[in-house]
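Structural characterization, general
Chain by chain, the residues:
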Amino acid sequence: MSPNRTIPVKVKQAKNLSDADIDRVTRSMMTVFQDDPSDITGVLVGGDLSLWPLQIRSTVASAAIAGIVHIAYASPQPQASRNPSARADPEEILGVALSFGPGQGLNVTEEQKVAGWNAFLQAVPEGARSWWVDYYGPLRSTGAKESFGNDYVDRALKLSLFGVLPSYRGMGVGKALFLAVEAEAKARKCSIVLQTETELNVKIYTRLGFEVKKATAVQSPFGYSDFWFMEKRL
């Protein structure tokens, strides 16, 4: 696909996802991130990148159970107006956004944990498991409260994962996907908050109207990563 072309995009809020659906979304997210893993990727999986799909799947499953899953597809075009250079399979996933509305959270309920999180924690090395529980989880929770307020879980939409397949970047997919997330937040009359680990993402989200509320660093025996907390008020 040419990065100078745009394609008609249809964004759906997916509900009642089956295990097969969750696996499909996970594969798409792995394609999104496979060429540009951030410094924190190896940290999150205790240095074992083979566990990365399991970690991503736990997030997808958590959002499917008690969150919001937006999926971008190619919108079918009338036969007469189809542009061969901007054509995509209408069944192909072009991008995904996973978020949690006010009162919802990532791997908060027992059902969410059983769907994937517990399996991931059991699979990572003991040192990484302790790091998640004793260091990374508290760091994110404390940083988010300092950045967004102690009540942010109940009043904000938390954008957890967002990505567009490499072949469709620069073609309007990300914009359509983000507008769907933003519309969800507007309907709920809440702000959007997120946490990210790359300067490129900070630049992208800043252009979308987000403000950096806090910058910190994440450290572990498996690596180091910068870390930003960002918010967009609507």
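So, how was this worked out
Each residue is numbered by its place in its chain's sequence as written, counting from 1. Only residues with pLDDT of 70 or above have their local features reported here, since the model is predicted, and side-chain atom pairs are shown and tallied only from 80 upward, although totals for entire chains, interfaces and linings are computed over all residues. Side-chain calculation: all heavy atoms of the structure are included, whereas hydrogens and water are not. Per the convention used, a helix needs a DSSP run of H or I reaching at least four residues, while a strand needs a run of E reaching at least two, with both numbered from the N terminus. Throughout, radius of gyration means the C-alpha value; the globule benchmark is 2.2 Å times the number of residues raised to the power 0.38. Using a 1.4 Å probe on the protein chains alone, a residue whose accessible area is under 20% of its type maximum counts as buried, one over 50% counts as exposed, and one in between counts as partly exposed. Contacts: residue pairs with any heavy atoms within 4.5 Å of one another. Throughout this description, the term salt bridge denotes a Lys or Arg side-chain nitrogen within 4 Å of a carboxyl oxygen of Asp or Glu. In these notes, a set of buried Ala, Val, Leu, Ile, Met, Phe, Trp, Tyr and Cys residues joined through side-chain atoms within 4.5 Å is what counts as a nonpolar core. Pairing of N or O atoms within 3.5 Å defines a polar contact, subject to two protein rules: one partner must be a possible hydrogen donor and the other a possible acceptor, and residues neighboring in sequence count only if both atoms are side-chain atoms. Pairs of strands are assigned from DSSP output, requiring at least two bridges between the strands. Think of each axis as a best-fit line through the C-alpha atoms, taken over the contacting stretch in the case of a helix, with angles from 0 to 180 degrees between the N-to-C directions. To estimate the expected span of a helix, subtract one from its residue number and multiply by 1.5 Å.

Going by an unreviewed UniProt entry, the protein carries the name N-acetyltransferase domain-containing protein and comes from Coprinellus micaceus.

**A word on the overall build of the protein**
Along the backbone of the protein there are 8 helices and 7 strands. Taken over C-alpha atoms, the radius of gyration comes to 18 Å for the protein, in line with the 17 Å a tight globule of 234 residues would show. Seen through its principal axes, the protein has C-alpha atoms that stretch 60 × 35 × 35 Å. Looking at the protein as a whole, 45% of its 234 residues qualify as buried. The long-range fraction of contacts in the protein, counting pairs at least 24 apart against all pairs at least 6 apart in sequence, stands at 77%.

**As for the pattern of salt bridges**
Pairs can form between side chains of opposite charge once their charged atoms are near each other. A complete count under the given rule lists 9 salt bridges for this structure. Between Glu182 and Lys232 there is a salt bridge, and its shortest N-O distance comes to 2.5 Å. Here Glu182, found in helix 7 (residues 173-187), pairs with Lys232, found in strand 7 (residues 223-232); they are 50 residues apart in sequence, far enough to count as distant. Lys232 carries the same exposure label as Glu182, and that label is buried. Here Arg233 makes a salt bridge to Glu231, at a shortest N to O gap of 3.8 Å. Judged by relative accessible area, which is 4%, Glu231 ranks as buried. Salt bridges here are not isolated pairs; linked through shared partners, they connect Asp151, Arg155, Glu231 and Arg233.

**Regarding the nonpolar core**
Counting residues in each nonpolar core, the largest one holds 68 residues, and the members touching the most others are Val25, Phe120, Trp132, Tyr136, Leu159, Tyr168 and Ile192. Sequence-distant contacts of Trp132, that is, excluding residues within four places in its chain, are made with Leu44, Gln55, Trp117, Phe120, Leu121, Gly137 and Pro138.

**What to know about the side chain of Gln112**
Mapped onto the fold, Gln112 is located in helix 4 (residues 110-123). With relative accessibility at 0%, the residue Gln112 sits in the buried group. Engagement of the side chain of Gln112 in a polar contact is seen with the side chain of Ser62, the distance being 2.9 Å. In terms of polar contacts, Gln112 uses its side chain to reach the backbone amide nitrogen of Thr109, at 2.8 Å. Setting aside chain neighbours within four positions, we find Gln112 in contact with Ser62, Ile65, Ala66, Phe100, Gly105, Asn107 and Trp117.

**What about the sheet that holds strand 7?**
Spatially, 1-2-3-4-5-7-6 is the arrangement adopted by the 7 strands of the open sheet, whose pairing is mixed. The open sheet has two free edges, formed respectively by strand 1 (9-14) and strand 6 (211-220), since each of these has just one partner strand. On average, each strand axis in the sheet is tilted by 25 degrees relative to the strand beside it, whichever way the strands run. Where strand 1 and strand 2 (residues 68-74) come together, 6 bridges link them in antiparallel fashion. Within the sheet, the bridge partner assigned to Gln13 lies in strand 2 and is His70. In this fold helix 8 (residues 199-207) packs onto strand 4 (156-164), strand 5 (191-196), strand 6 and strand 7, with an angle of close to 5 degrees to the strand it touches most, strand 7.

**Describing helix 1 (residues 19-33)**
The end-to-end C-alpha distance of helix 1, which contains 15 residues, comes to 21 Å, matching closely the 21 Å that a straight helix rising 1.5 Å per residue would cover. Turning to helix 1, its buried residues are Ile22, Val25, Thr26, Ser28, Met29, Met30, Val32 and Phe33. Those residues of helix 1 that are buried are in contact with helix 3 (52-66), strand 2, strand 3 (93-100) and strand 4.

**Quick look at the environment of Asn107**
Looking at the element boundaries, Asn107 is found in the loop between strand 3 and helix 4. Residues Asn107 and Ala61, spaced 46 residues apart in sequence, show a C-alpha to C-alpha distance of 9.0 Å. Those residues in contact with Asn107, other than ones at most four positions away along the chain, are Ser58, Ser62, Gln112, Lys113 and Trp117.

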